[in-house]
Amino acid sequence: MTKLNTLLHQELRLSIISFLVSVEWADFKKLIEVTSASKGNLSVQISNLQKAGYIKVKKSFKGNYPHTECRITKLGRSEFEIYLESIKKMLNI
């Protein structure tokens, strides 16, 4: 049986990566909107993906407010493609 990437198989992390694949950068506010996640949960999952090297996080300030932006890395894109191929194999697609 095909083994799935457990980091990507978690619903929120998969949602984050799936969205980032289609954009150059996404800010924290947009990721909350797209995933419907709480700020705390989204922050934790972004950290997990960043530690794995799947996304790059850029932190700055806009005025007096913190601004976090994320983008997928080459490793993240590659692992996402492998994950999709694994799902296809499991489903015989």
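A brief report on the enclosed structure follows.

How each quantity is defined
Residues numbered from 1 in each chain as written. Predicted model: local features only at pLDDT ≥ 70, side-chain atom pairs only at ≥ 80, totals over all residues. Heavy atoms only, no water. Helix = DSSP H or I, 4+ residues; strand = E, 2+ residues; numbered from the N terminus. Buried < 20%, exposed > 50% of the residue type's maximum accessible area, 1.4 Å probe, protein only. Contact = heavy atoms within 4.5 Å. Areas by Shrake-Rupley, 256 points an atom, 1.4 Å probe, with all protein chains shown as cover. Lys, Arg positive; Asp, Glu negative; His and termini not counted. Charge placed at Lys NZ, Arg CZ, Asp CG, Glu CD. Axes fitted to C-alpha atoms, helices over the stretch in contact; angles between N-to-C directions. Parallel < 35°, antiparallel > 145°, perpendicular 65-115°, else oblique. Nonpolar A, V, L, I, M, F, W, Y, C, P; charged D, E, K, R; others polar. Phe/Tyr/Trp six-rings, centres within 6.5 Å; stacked < 30°, edge-to-face > 60°. Lys NZ or Arg CZ within 6 Å of the ring centre and 35° of its normal.

Focus on the overall build of the protein chain
On a plain count of helices and strands, the protein chain comes out with 5 helices and 3 strands. Listed N to C, the secondary structure of the protein chain is α-α-β-α-α-β-β-α in terms of helices and strands. Considering the protein chain as a whole, with its 93 residues, one finds that 34% of them fall into the buried category. Relative to all contacts within the protein chain whose residues are 6 or more apart in sequence, the contacts with residues 24 or more apart total 55%. Entry remark: accessible area of the protein chain is about 6,200 Å², with carbon and sulfur atoms responsible for 53%. Where the 15 positive side-chain charges of the protein chain centre and where its 8 negative ones centre are 5 Å apart.

Some words on the packing of helix H2 (residues 11–20) against helix H4 (residues 39–51)
Where H2 meets H4, the closest approach of the two axes is 10 Å, and the angle between their N-to-C directions is 70°. In this view, H2 runs roughly perpendicular relative to H4, as classed from their interaxial angle. Across the interface between the two elements, Leu12, Arg13, Ile16 and Ile17 of H2 pack against Asn41, Leu42, Gln45, Ile46, Asn48 and Leu49 of H4. Here the residues of the contact of H2 with H4 are counted per class, giving 6 nonpolar, 3 polar and 1 charged.

Let's talk about the side chain of serine 86
Structurally, serine 86 can be placed in helix H5 (residues 74–91). For serine 86, a relative accessible area of 10% gives the class buried. If we ignore the near neighbours within four places in the chain, the residues touching serine 86 are Thr2, Lys3 and Leu4.

Section: the packing of aromatic side chains
All chains considered together, the criterion is met by 0 aromatic pairs. Between lysine 58 and the ring centre of tryptophan 25, over which it is positioned, the NZ or CZ distance is 4.4 Å.

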